[in-house]
Amino acid sequence: MRAFQTPLPLTFRVNASSKLLGAIRRRLERDVLPALAREGTMRAPKCVGWYPERLAFQIDVARDATLKASASRGVVALHEFLKQAGETGALTRQELVSMIPPLLLDVKPGHRVIDMCAAPGSKTSQLLEMSHAASGKGGKSPSGVVIANDASLQRSNLLTHQCKRSNSPALVVTNHQAQLFPMLYDAKGAKLRFDRILADVPCSGDGTLRKSPDLWRKWNPSSGVDLHTLQLEIATHALRLLEVGGRLVYSTCSLNPMENESVVAALLKRAKGSVELVDVSSSLPELKRRPGMKYWKVGDVFGFHESFDDSAGRKRQKTLARTMFWDAEYDKFPLERCVRVFPHLDDTGGFFITVFQKTKELPEDMEALPFVDANKAYRLARENAEWNEKKRVAPVIKFDDSSAVASITKHYGLSDALALDGALMTRQHSDLPGVSPKRLYYLSKGARKVLTATAKDGASAGLQVVACGVRAFERQIVKGVKCAYRITQEGLDAVYPHMKKQVVRVRAAELETILARQQDEPGAKASIGGARSSSSDIPEEITHAKSIEKLKSVADGCVILVPKPVGDDEDNEVEASALAVACWLGSGAKGKSLSVLASKVEGAQLLYQLRDCMSRKTVQ
């Protein structure tokens, strides 16, 4: 209780799959954190031991503090760092306990994954990062899919904003009530189920008292009782959607057994041996935790009840359910395998996590979808069909302009491995037929399979898609430019590894000048060794003979500038490729010019990383 009454420290994690990973971590450990430690006004910043690869940090600053208004220069510098790195997706501010469920899911690149109650999206971003990181070096994108679902369209839009920073072709954002998420079927009529499911369900939130002090006034015993049935419905449906052999992580930010162990035990009882609790005691070994409760009492606003039948003759909440009560059968369930995290153990919030493994098909009565009468079924079908129009969300449309795809493929020399044909989608309102799409989104194989799935009878599955894929190409029709689409900076992660044309290797100092000019740095100019070309057909920033030769070999329009790595070292090549910058090579009254297509925020982070690589002599 004393721990709950203290402010929650600021915590964040670095994106494990970010191409900026090395520079971000070096900047943190070399500049930002030492500056805080030198001031001596707080406990030393802490690298979280149980989080893989030293990528999570805890700082003794209240998470709700106004960092930029701090009197501490170190804290103000921390604010600027968090803001810049957060906007580029290289870093995410997230509560420590919230990072645990994705780590216990054990996501692989080819998995179909769904986060059923995903908003605000920090866990989904983590799942995407893990999926990309597991794909290995060389910019290889995961072949699977990560669906971020939420019942609220408003929260789904916030979710899209949070997750799109991952620049992942595997992302699909949907808007469904979790317990009613549609069962999907492939072209052969087989169920399209998920390998990994995260159900971080709506809860009373009593584990968040440190970050939400208003809960001290609002909390009452009815909260957990009111939500138990919904939580059980969501978890039951999650098991229906789960593939045999798949893993479900059920979690809440509550410590109430009505929302935790009673839900878990009821699921195990219903499943009749078809699912089991996974022992995760050896996972994240440095995480301080407590085992799940084996016994509990059921209480509501009227007091405690011995049993469901006993409560029938006295005052009780209408939401009280039989599944809340302890049952003698529960003795055989290893509920101690549930994970409870308390705030005083490691200066965190409170949290509950359980990992299920589906070992065989569910019993028929559990597998059966809830009964829906014909009138309600018709109404739901109508609502699904009209969802885009009612919610004013542009539908997802397959981009099947083969001539445009051929033009993009030829112009950028894209390899067959990217397989653009059939992999592009667009968003277009139905009242604008025939308009050439402005944006093209690239989707992973797994994402495409989900979006083309149907209902059992072959009809539309009614999937309500808010966003999908990564914006890879954008229309830019300019006289004299052969291809109507340019590559976006966010699409480079997926597209660049497959490009054979329109890529120019330049000197690091030339790229530094171009990025510095975008940032309006005073004195930024082309001033490196080598013969300076006076020709109007060469941008003034490009001065080295080999860079000039390379630039002359590409067509006007979108070009990708990449610094030269030092030597043949594979790691140096990876770092150089991570600094690829999308630019526009155009002609004007004063000759050729180069414009950076990345946002100014992205440009600032790329410039920092470039200078970091130059100082370490990995690029030249």
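Because the structure is predicted, anything quoted here is derived from the model rather than measured.

It is worth spelling out the sheet that holds strand S16 (residues 396–398) at this point. If you trace the five strands from one edge of the open sheet to the other, you get S16-S17-S18-S20-S21, paired in antiparallel fashion. Looking along the sheet, the strands with just one partner apiece sit at the ends: S16 and strand S21 (485–487). With direction set aside, neighbouring strand axes in the sheet form an average angle of 40°. Relative to strand S20 (residues 470–475), strand S18 (residues 439–442) is paired through four bridges, and the arrangement is antiparallel. Across the sheet, the residue bridging to Tyr-441 is Arg-471, located in S20. Docked against the sheet, helix H13 (residues 402–412) engages strand S17 (424–427), S18, S20 and S21, running at close to 50° with respect to S21.

What follows deals with the UniProt feature "active site" (unreviewed entry) in the protein chain. Per the UniProt record, the feature "active site" (unreviewed entry) sits at Cys-253. Note that Cys-253 resides in the loop between strand S9 (242–252) and helix H8 (261–271). Given a relative accessible area of 22%, Cys-253 falls into the partly exposed group. Beyond its immediate chain neighbours, meaning those up to four positions away, Cys-253 contacts Cys-203, Gly-205, Asp-206, Gly-207, Thr-208, Gly-350 and Phe-351.

Next up on the list: the packing of helix H16 (residues 508–518) against helix H19 (residues 600–615). At a minimum axis separation of 9 Å, H16 and H19 run at an interaxial angle of 150°. Regarding the angle of H16 to H19, the classification is roughly antiparallel. The element H16 and its partner H19 pack so that their crossing is left-handed. Contacts from Ala-508, Ala-509, Leu-511, Glu-512, Leu-515, Ala-516 and Gln-518 in H16 reach Lys-600, Gly-603, Leu-606, Leu-607, Leu-610, Arg-611 and Met-614 in H19. Counted by class, the contact of H16 with H19 contains nine nonpolar, two polar and three charged residues.

Take H8 next. Think of an α-helix as turning once every 3.6 residues; residues three or four places apart then point the same way. Most of H8 is tucked away, with nine of its 11 residues classed as buried. Listing the buried residues of H8 in full gives Glu-261, Ser-262, Val-263, Val-264, Ala-265, Ala-266, Leu-267, Leu-268 and Ala-271. Looking at the buried positions of H8, the neighbouring elements they touch are helix H7 (222–241), S9, strand S10 (275–277), strand S14 (339–341), strand S15 (351–358) and helix H10 (364–367). Backbone geometry just after H8 places Lys-272 at a positive phi near 50°.

Summarising the model, the protein chain shows a mean pLDDT of 88, and 93% of its residues fall at 70 or more. Long-range and interchain partners of residues 526–534, a stretch whose pLDDT sits below 50, account for 19 contacts in this model, where long-range means more than four residues apart.

Before going further, it helps to spend a moment on the domain arrangement of the protein chain. In terms of domain boundaries, the protein chain breaks down into domain 1 (2–93), domain 2 (96–295 + 331–389) and domain 3 (502–525 + 536–616). Centre-to-centre separation of domain 2 and domain 3, based on C-alpha positions: 43 Å.

What counts, and where the lines are drawn
- Numbers given to residues run from 1 along each chain, matching the order in which its sequence is written.
- Whole-chain, interface and lining totals are the exception, using all residues; otherwise, since this is a predicted model, local features are given only for residues with pLDDT of at least 70 and side-chain atom pairs are given and counted only at 80 or more.
- Hydrogen atoms and water are omitted, and side-chain values are computed over all heavy atoms in the structure.
- In this scheme, strands are said to pair when DSSP sees at least two bridges between them.
- Counting from the N terminus, the helices are DSSP H or I runs at least four residues long and the strands are E runs at least two residues long.
- The convention used is that axes are lines fitted to C-alpha atoms, helices contributing only their stretch in contact, and that angles between N-to-C directions extend from 0 to 180 degrees.
- Here, two residues are considered to be in contact whenever any of their heavy atoms come within 4.5 Å of each other.
- UniProt positions are given in the numbering used here, feature names are shortened, and annotations may be inferred rather than shown by experiment.
- When a residue's accessible area, from a 1.4 Å probe over protein chains only, is under 20% of the maximum for its type it is buried; when over 50% it is exposed; and in between it is partly exposed.
- Working rule for angles: under 35 degrees goes down as roughly parallel, over 145 as roughly antiparallel, 65 to 115 as roughly perpendicular, anything else as oblique.
- In this scheme the crossing of two helices becomes right-handed for a clockwise turn of the near helix relative to the far one and left-handed for an anticlockwise turn of less than a right angle.
- For this scheme, ten residues count as nonpolar: Ala, Val, Leu, Ile, Met, Phe, Trp, Tyr, Cys and Pro. Four count as charged, namely Asp, Glu, Lys and Arg, and the remainder, Gly too, count as polar.
- Think of pLDDT as the predictor's per-residue confidence, scored from 0 to 100.
- Domains are outlined according to an automatic or database domain assignment.

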